[in-house]
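Breakdown of the fold
Spelled out from the first residue to the last, the chains are:
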Amino acid sequence: MAENADNGYTAYPVFKGLQKPLEFLGIQGRYIYWAAGAAGGAIVGFIIGYCVLGFLAGLVALVMAVSTGAGLIMVKQRKGLHTKKTDKGIFVYTCSKKI
């Protein structure tokens, strides 16, 4: 496994991955952070709702935050990790100065 290099240091094989995005429970790349933010927001929403209005209001806030976050992540993830704004229609570019 380990080999001695010419300079005296031991060389170890390094796994560099398969050039695929990070994936956790079906959520890819940057959407992992979105999911963590949605879960954190849901917990904070539950705590605030529970303290101010009661358990049922906190539970409703929790369910709404989790479902909104999950829905947004699913919709955005289907478009791809590197979504770009796509304009639809026919565009006519004209010159502002005549030659």
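Residues numbered from 1 in each chain as written. Predicted model: local features only at pLDDT ≥ 70, side-chain atom pairs only at ≥ 80, totals over all residues. Heavy atoms only, no water.

One way to put it is that helix 1 (residues 31–52) packs onto helix 2 (residues 55–79) with a least axis distance of 7 Å and a crossing angle of 165°. Relative to helix 2, helix 1 is oriented roughly antiparallel. Judged by the twist between their axes, the crossing of helix 1 over helix 2 is right-handed. (Axes fitted to C-alpha atoms, helices over the stretch in contact; angles between N-to-C directions. Helix = DSSP H or I, 4+ residues; strand = E, 2+ residues; numbered from the N terminus. Parallel < 35°, antiparallel > 145°, perpendicular 65-115°, else oblique. Left-handed = near helix turned anticlockwise from the far one by under 90°.)

Predicted coordinates in areas of low pLDDT are best not read in detail. On average, residues of the protein score 78 in pLDDT, and 77% of them reach the 70 mark or higher. Across the protein, helix 1 holds the top mean pLDDT of 87, while strand 1 (residues 3–4) sits lowest at 58. (pLDDT = per-residue confidence, 0-100.)

An ideal rise of 1.5 Å per residue puts 32 Å on 22 residues; helix 1 measures up with 31 Å between its terminal C-alpha atoms. Turning to helix 1, its buried residues number three or more, namely Tyr31, Ala38, Ala42 and Gly49. For helix 1, the angular spread of the buried residues around the axis is 45°, confining them to a single face. Among the exposed residues of helix 1, those pointing more than 90 degrees away from its buried face are Tyr33, Ile43, Ile48 and Cys51. As for helix 1, its buried residues are in contact with strand 4 (27–28) and helix 2. Backbone geometry just downstream of helix 1 places Gly54 in the positive-phi region, at approximately 125°. (Expected span 1.5 Å × (residues − 1). Buried < 20%, exposed > 50% of the residue type's maximum accessible area, 1.4 Å probe, protein only. Arc of directions from axis to C-beta. Contact = heavy atoms within 4.5 Å.)

Looking now at the layout of surface pockets. Space inside the largest pocket adds up to approximately 210 Å³. Around the largest pocket sit 13 residues that line it, and Ile27, Gly69, Ala70, Ile73 and Met74 are the ones nearest its centre. Secondary structure elements with two or more residues in the lining of the largest pocket: helix 1 and helix 2. It is helix 2 that provides the largest number of residues to the lining of the largest pocket, a total of seven residues. (1 Å grid on protein atoms, 1.4 Å probe; cavity = no way out; pocket = protein on both sides within 12 Å on 5 of 7 lines; lining within 4 Å. Points joined across faces, edges and corners; volume = space filled by probe spheres on them.)

What follows concerns the packing of aromatic side chains. The geometry of two aromatic rings is summed up by the distance between their centres and the angle between their planes. Throughout the structure, instances matching the rule amount to four aromatic pairs. Between Phe46 and Phe55, the aromatic rings sit 6.1 Å apart at their centres with planes inclined by 90°, giving edge-to-face as the arrangement. Arranged with centres 6.2 Å apart and planes meeting at 90°, the rings of Tyr50 and Phe55 form a pair that is edge-to-face. Judged by its relative accessible area of 48%, Phe55 is partly exposed. (Phe/Tyr/Trp six-rings, centres within 6.5 Å; stacked < 30°, edge-to-face > 60°.)

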